Amino acid sequence: MIRQSAFGIALSMLVLASGFTTTYAPGHTSTKKRFAHQAVSLSSGQATSSITFNTADLEKSVFARINRYRAARGLPKLTLSANVTRQARIHSLNMANGKVPFSHQGFERRVSATRIRYKSAAENVAFNQGYNDPAAEAIHGWLHSPDHLVNIKGNYNLTGIGVAVNSKGEVYLTQIFLSNR
């Protein structure tokens, strides 16, 4: 896990955990973990103490931007699932509250809890602080990370996005991808 504190008004940060993918086959689960690749970038932004976010708006922004990206590349748009979104929100909230580390810990449990029979699933997570548009920063990081991009461009048809912000102004984003076709 990579963590840094952003002290002062000019520092912002974005942390990405590499994408996580699993494939379902009746009676067999194959999991490919890609945790070795993490990235941190620092750039200027506003002080986090003066920024407040509507998490539902950030979730909608991630959904719209990812679908625009997919459509621009001739990929089918994803359908938002309430069950998948619920699990993504719980994970983001648990990371923001320190109940679980910033990671993909519990991914398979989250996917199972959706109660959707799936063929494959993946997850992208991001953590950032100090940005005016944390959704845009997370997506920018995901699109420039090969592991995350594989998930975004993957053969999925369902998604769920969860965003949580803690009292320190840290923004945690989770996007889960499922294919149930």
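Residues numbered from 1 in each chain as written. Predicted model: local features only at pLDDT ≥ 70, side-chain atom pairs only at ≥ 80, totals over all residues. Heavy atoms only, no water.

The name given to the chain in an unreviewed UniProt entry is SCP domain-containing protein, with the source organism recorded as Chlorogloeopsis fritschii PCC 6912.

Caption draft 1: Just helix H4 (residues 134-143), in detail. Buried within H4 are the following residues: Pro134, Ala135, Ala138, Ile139, Gly141 and Trp142. For H4, the buried positions fall inside an angular range of 160° around the axis, keeping them on one side. (Buried < 20%, exposed > 50% of the residue type's maximum accessible area, 1.4 Å probe, protein only. Helix = DSSP H or I, 4+ residues; strand = E, 2+ residues; numbered from the N terminus. Arc of directions from axis to C-beta.)

Caption draft 2: Region of the structure containing the side chain of Glu123. With respect to the element layout, Glu123 can be found in strand S5 (residues 120-129). At 2.6 Å, the side chain of Glu123 forms a polar contact with the side chain of His104. (Polar contact = N/O pair within 3.5 Å; in protein donor to acceptor, adjacent residues only side chain to side chain.)

Caption draft 3: Region of the structure containing the pattern of salt bridges. One pass over the structure, following the stated rule, counts three salt bridges. The closest approach of N and O atoms between Asp133 and Arg65, which form a salt bridge, is 2.8 Å. Taken together, the residues Asp133 in the loop between S5 and H4 and Arg65 in helix H1 (residues 55-72) connect sequence positions 68 residues apart. The class for Asp133 is partly exposed, based on a relative accessible area of 27%. With a closest N to O distance of 2.9 Å, Glu123 and Arg110 form a salt bridge. Residue Glu123 is found in strand S5, and its partner Arg110 is found in helix H3 (residues 107-113); the two are separated by 13 residues along the sequence. Of the two residues examined, Glu123 and Arg110, each falls in the buried class. (Salt bridge = Lys/Arg side-chain N within 4 Å of Asp/Glu carboxyl O.)

Caption draft 4: Representation of the packing of aromatic side chains in the model. Tallied over the entire structure, the rule returns four aromatic pairs. Taking 5.9 Å as the distance between ring centres and 55° as the angle between the ring planes, the aromatic pair formed by Phe102 and Phe127 counts as tilted. Of the two residues, Phe102 sits in the loop between helix H2 (82-96) and H3 while Phe127 sits in strand S5, which places them 25 residues apart along the sequence. For the pair formed by Phe102 and Phe127, the shared burial category is buried. (Phe/Tyr/Trp six-rings, centres within 6.5 Å; stacked < 30°, edge-to-face > 60°.)

Caption draft 5: Quick peek at the nonpolar core. Core analysis: the biggest nonpolar cluster contains 19 residues, and Val62, Ile66, Trp142, Ile152, Val163, Leu173 and Phe177 have the highest contact counts within it. Those elements that place two or more of their residues in this core are H1, S5, H4, helix H5 (146-152), strand S6 (158-165) and strand S7 (170-179). Excluding anything up to four places from it in sequence, Val163 contacts Thr55, Leu58, Glu59, Ser92, Val171, Tyr172 and Leu173. (Core = buried A, V, L, I, M, F, W, Y, C linked by side-chain atoms within 4.5 Å. Contact = heavy atoms within 4.5 Å.)

Caption draft 6: Region of the structure containing the pairing of S7. Within S7, ten of the ten residues are buried, which leaves it mostly tucked inside the rest of the structure. The alternating pattern of S7 places Glu170, Tyr172, Thr174, Ile176 and Leu178 and Val171, Leu173, Gln175, Phe177 and Ser179 on opposite faces, both of which are buried. Alignment of S5 against S7, held across ten bridges, turns out to be antiparallel. Bridge pairing in S7 links Gln129 to Glu170. When S6 meets S7, the two strands line up antiparallel, connected through eight bridges. Across the sheet, the residue bridging to Ala164 is Tyr172, located in S7. The turn joining S6 and S7, which pair antiparallel and follow one another in sequence, is formed by four residues; a positive phi near 85° is taken by Gly169. (Pairing = 2+ DSSP bridges.)

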